[in-house]
Amino acid sequence: LTPLQDAEKKILRAILAPPADRLGFGDWDYFLEKYEASRITIAEHGEFPWWNPWCRGGVPLASSPLVGILAPPMPLALAFGTSVGLRLATILYLLIGAEGARRLGKLCFHDPWAALAVAWVFALNGGVLVDCLGGFHIPAGNLPLPWLLLSVARLHDRRWAGVGLGFWLAWAVLNPIH
């Protein structure tokens, strides 16, 4: 392995590390707490998570822009547990960003290998991976960017590209972002 590949492997391993020995670090603890409160409210109490009574005496939960109740991480947290679910959501966001970058690269360069390079550079560059280690909110908001650009680029020749643009804008709003 090259030093870059070794570093990327270590960073991805840290994202997927078993949660038994630690909860998280950086902003991960903050998001794990919010999603765990939502998971407990839904799974154990059978209620919609309007409120988080376990934080600072009670704070709004569903209206927080940092917790996407209707976003992909919530079903993953319900199905696999909060820690594993958010880690899986991070991998999902990386794959979504890579595919969007690949398609955008194919549109711009008309070469499948160049498109693959664009996907690799966009989704697995050092900045994105370090952001994934710091907290999962950054890939949730940033990795749909190629899909937004692709939708805008196709507005002039595809009638339904506006639907895609609306979908990816809604994705960015409904996912936890700063």
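Located above this text is the structure these notes cover.
All of these numbers come straight from a predicted model, not from anything done at the bench.

1. Points about the packing of helix H2 (residues 28–43) against helix H3 (residues 73–80)
Two numbers describe how H2 lies on H3: the axes approach to 10 Å, and their chain directions differ by 65 degrees. Of the possible angle classes, the one that applies to H2 and H3 is roughly perpendicular. Seen along the crossing, H2 lies across H3 with a hand that is right-handed. Across the interface between the two elements, Tyr35, Ser38, Arg39, Ile42 and Ala43 from H2 touch Pro73, Met74, Ala77 and Leu78 from H3. Here the residues of the contact of H2 with H3 sort into seven nonpolar, one polar and one charged.

2. Considerations on the nonpolar core
Judged by nonpolar contacts, the single largest core of 30 residues is most densely connected at Tyr35, Leu86, Tyr93, Phe136 and Trp168. Elements that contribute at least two residues to this core include exactly H2, H3, helix H4 (82–109), helix H6 (126–134), helix H8 (145–153) and helix H9 (161–174). Top element by residues in this core is H4. It accounts for six residues.

Calculation criteria
Residues numbered from 1 in each chain as written. Predicted model: local features only at pLDDT ≥ 70, side-chain atom pairs only at ≥ 80, totals over all residues. Heavy atoms only, no water. Axes fitted to C-alpha atoms, helices over the stretch in contact; angles between N-to-C directions. Helix = DSSP H or I, 4+ residues; strand = E, 2+ residues; numbered from the N terminus. Parallel < 35°, antiparallel > 145°, perpendicular 65-115°, else oblique. Left-handed = near helix turned anticlockwise from the far one by under 90°. Contact = heavy atoms within 4.5 Å. Nonpolar A, V, L, I, M, F, W, Y, C, P; charged D, E, K, R; others polar. Core = buried A, V, L, I, M, F, W, Y, C linked by side-chain atoms within 4.5 Å. Buried < 20%, exposed > 50% of the residue type's maximum accessible area, 1.4 Å probe, protein only.

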